[in-house]
Amino acid sequence: MLEVDLVITNVTLATMDPDISNPYGLIEQGAIMLKAGSIAWLGEQSNMPEFDVLATPLHDAKGQLLTPGLIDCHTHILFSGNRAAEFEQRLNGVSYQDIAQQGGGIASTVRATRQADIQTLFVTGKERLNSLLREGVTTVESKSGYGLDCDNELKLLQTNKLLNECHPIDVQSTFLGAHALPPEYKDRADDYIDLVCEQMLPQVAEQGLAVAVDVFCENVGFSYEQTKKVFTKAQQLGLKIKCHAEQLSNQHGSELVAEFAGLSADHIEYLDEQGVMAMAKAGTTAVVLPGAFYFLRETQLPPIELLRKHKVSMAIASDFNPGTAPLCSLRLMLNMACTLFRMTPLEALEGVTVNAAKALGLSDRGMLKVGMRADIALWQVDHPAELSYQFGVSDLSNLWISGKLIHY
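The structure displayed is predicted, hence computed values, not measured ones.

A. Spatial organisation of the overall build of the chain. For the chain, the count of helices and strands is 15 helices and 16 strands. Scaling as 2.2 N^0.38, a compact globule of 408 residues should have a C-alpha radius of gyration of about 22 Å, and the chain matches this with 21 Å. Within the span of the chain, comprising 408 residues, buried residues form 57% of the whole. Taking as baseline every contact in the chain between residues at least 6 positions apart, the subset at least 24 positions apart corresponds to 70%. A total accessible area of about 16,700 Å² is found for the chain, and carbon and sulfur atoms account for 50% of it. With 31 positive and 49 negative side-chain charges, the chain shows a separation of 2 Å between the mean positions of the two kinds.

B. How the structure looks around the UniProt feature "binding site: Zn(2+)" (unreviewed entry) in the chain. Sites flagged by UniProt as "binding site: Zn(2+)" (unreviewed entry) map to His-74, His-76, His-244 and Asp-319. Spanning 246 residues, the named residues nonetheless gather at one spot, since no C-alpha pair among them exceeds 12.3 Å. One can find His-76 in the loop between strand E6 (70-75) and helix H1 (84-91). Take His-76: its relative accessible area is 2%, and that puts it in the buried class. Not counting the four nearest positions on each side in its chain, His-76 is found in contact with Lys-143, Ser-144, Tyr-146, Leu-176, His-179, His-244, Asp-319, Phe-320 and Asn-321. Reaching out from His-76, the side chain makes a polar contact with the side chain of His-74 at a distance of 3.2 Å. Not counting residues within four places of it along the chain, the set of residues in contact with Asp-319 comprises His-74, Thr-75, His-76, His-267, Leu-289, Ala-292, Thr-324 and Ala-325.

C. Quick peek at unusual backbone geometry. Positive phi is not limited to glycine here, since Ala-36 has a value of about 55 degrees. Mapped onto the elements of the fold, Ala-36 is located in the loop between strand E2 (26-35) and strand E3 (38-44). A positive phi angle, close to 65 degrees, is found at Asp-187, a residue other than glycine. Accessibility expressed as a relative area gives 69% for Asp-187, which makes it exposed.

D. Representation of the environment of Arg-297 in the model. By the secondary structure assignment, Arg-297 is in the loop between helix H10 (290-295) and helix H11 (304-309). According to the relative accessible area criterion, Arg-297 is exposed, its value standing at 68%. Taking C-alpha positions, Arg-297 is 32 Å from Pro-23, a pair spaced 274 residues apart along the chain.

E. Region of the structure containing the environment of Thr-227. Locating Thr-227 in the fold gives a position in helix H7 (residues 224-236). Relative accessible area serves as the criterion here: at 0%, Thr-227 is assigned to the buried category. Note: C-alpha distance between Thr-227 and Leu-26 (201 residues apart in sequence) is 42 Å. Filtering out sequence-adjacent residues up to four positions away, Thr-227 remains in contact with Val-215, Cys-217, Phe-222, Cys-243 and Leu-256.

F. View of the pairing of strand E15 (residues 396-401). With five of six residues buried, E15 is to be regarded as a mostly interior element. Summarising the sheet, strand E14 (residues 376-379) and E15 pair through four bridges and their orientation is antiparallel. Paired with Ile-376 across the strands is Trp-400, a residue of E15. Inspection of the sheet shows E15 paired to strand E16 (residues 404-405) by two bridges, in the antiparallel sense. Along E16, the bridge assignment pairs Trp-400 with Leu-405. Where E15 folds back onto E16 in an antiparallel hairpin, the turn is made up of two residues, including Ser-402, whose phi is positive at roughly 50 degrees.

G. Summary view of the nonpolar core. In this structure, Leu-66, Phe-175 and Leu-307 are the most contacted members of the largest nonpolar core, which totals 108 residues. Beyond its immediate sequence surroundings of up to four residues, Leu-307 is in contact with Ile-268, Leu-271, Val-276, Ala-286, Val-312 and Met-314. In terms of nonpolar packing, the next biggest core, distinct from the first, is built from 11 residues, Cys-73, Leu-289, Ala-317 and Leu-362 among them.

H. Inspection of the side chain of His-179 at higher detail. One can find His-179 in the loop between strand E8 (170-178) and helix H6 (189-206). Given the relative accessible area of 10%, His-179 is considered buried. Dropping the residues within four chain positions of it, His-179 is found in contact with His-76, Ile-106, Gly-145, Tyr-146, Leu-148, Phe-216 and Phe-222.

I. Main features of the packing of aromatic side chains. Evaluated as defined, the whole model comprises seven aromatic pairs. Ring geometry for Phe-293 and Phe-341: centres 5.1 Å apart, planes at 75 degrees, overall edge-to-face. Here Phe-293 is found in helix H10, whereas its partner Phe-341 is found in helix H12 (residues 330-341), with 48 residues between them in sequence. Each member of the aromatic cluster is reached from another via a ring pair, and the members are Phe-79, Tyr-146 and Phe-320. Geometry around Phe-79 places Arg-128 over its ring, the cationic atom sitting 3.9 Å from the centre.

J. How the structure looks around H12. Helix length check: H12 (12 residues) gives 15 Å between terminal C-alpha atoms against 16 Å at 1.5 Å per residue, within 8%. Here H12 lies mainly inside the structure; 10 of its 12 residues are buried. At the N-terminal boundary of H12, the capping side chain belongs to Ser-329, with an oxygen 3.0 Å from the backbone nitrogen of Leu-332. Just past H12, the residue Arg-342 takes up positive phi, approximately 60 degrees.

Rules used in this analysis
- Residues numbered from 1 in each chain as written.
- Predicted model: local features only at pLDDT ≥ 70, side-chain atom pairs only at ≥ 80, totals over all residues.
- Heavy atoms only, no water.
- Helix = DSSP H or I, 4+ residues; strand = E, 2+ residues; numbered from the N terminus.
- Rg over C-alpha atoms; globule rule 2.2 N^0.38 Å.
- Buried < 20%, exposed > 50% of the residue type's maximum accessible area, 1.4 Å probe, protein only.
- Contact = heavy atoms within 4.5 Å.
- Areas by Shrake-Rupley, 256 points an atom, 1.4 Å probe, with all protein chains shown as cover.
- Lys, Arg positive; Asp, Glu negative; His and termini not counted.
- Charge placed at Lys NZ, Arg CZ, Asp CG, Glu CD.
- UniProt positions renumbered as here; feature names shortened; annotations may be inferred.
- Polar contact = N/O pair within 3.5 Å; in protein donor to acceptor, adjacent residues only side chain to side chain.
- Pairing = 2+ DSSP bridges.
- Core = buried A, V, L, I, M, F, W, Y, C linked by side-chain atoms within 4.5 Å.
- Phe/Tyr/Trp six-rings, centres within 6.5 Å; stacked < 30°, edge-to-face > 60°.
- Lys NZ or Arg CZ within 6 Å of the ring centre and 35° of its normal.
- Expected span 1.5 Å × (residues − 1).

Set out below in structure tokens:
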């Protein structure tokens, strides 16, 4: 007799398990058993092992759909202030250059974030996590990058740590000190990269404040060589590698990530076949960010067909941030990935479950499989494609994180 903490019956399981040879890894008329925060058994209900019916809580799903908890693998949820005024200015014809000369753009977010204390950042971060939680999100990657000096970058990462300790969502922390050049380092990018490598990164690693390091490798960000210098130091310190790459031009950042056996290259609109092949060989995941593509009214699509051809895993994330993607909704990204990038609903759901877990280097979630974390979401839908098809409806019935029922 199997001893378990919860049994969910009369459920359709979208396991996202590639070992189950049908789309979505579907199991009809299924059941799932949870024990100590993990999945103890799942399969067809008719094959369910014996358990103590009187002592074990039962949940009748009434034919609803159960998926892994969703994973938002690229966000910038920690910042202060907003850029709505600049949004209005641009729509009234003011150029981005003029806005920047007025002290706007990322510089305005950096100023506001530097002035904010940890309590303020914690409260706003919690509110944003709550929004994602209500959409069935159970894991979120949160980047620093709006402090751009040692004290404030550490402040952001310390806030990530507090959120992870206090919020039901599992917060994966990424150091993005090389996000942009701070005003005090104008025309001194190499000096700033030295600061990142010699002062910021050692403290981040020593204090255990991040699991990964990201760099904005772009002609308006940091060069290939500067990015390589950060990656080299990060790797020496045992931190995982990620990159904002090929968003506005092809700087070959994705190939550099692959050279370092990095987790993911993100944005990738200008990625070419050479870069795709390098990622395929290294097992690096491609993270597409349709929210930024939409908000910036971009026209260069990411190379979805090339990624399919070379079998590169594709993840999808919100990229929630104040400047280029103020869209705190992973469910909206599912729809945008399908409508804007012509990804299939299956690819979209893989992109926020199994492939999103891969983009974060997490092997204990993203699928419904024995031994995985019991991060699971129950939906009032008949088929997984509905999760990409519709947006704005309250179709989340129940959410469990590590086997614990979450009240959202």
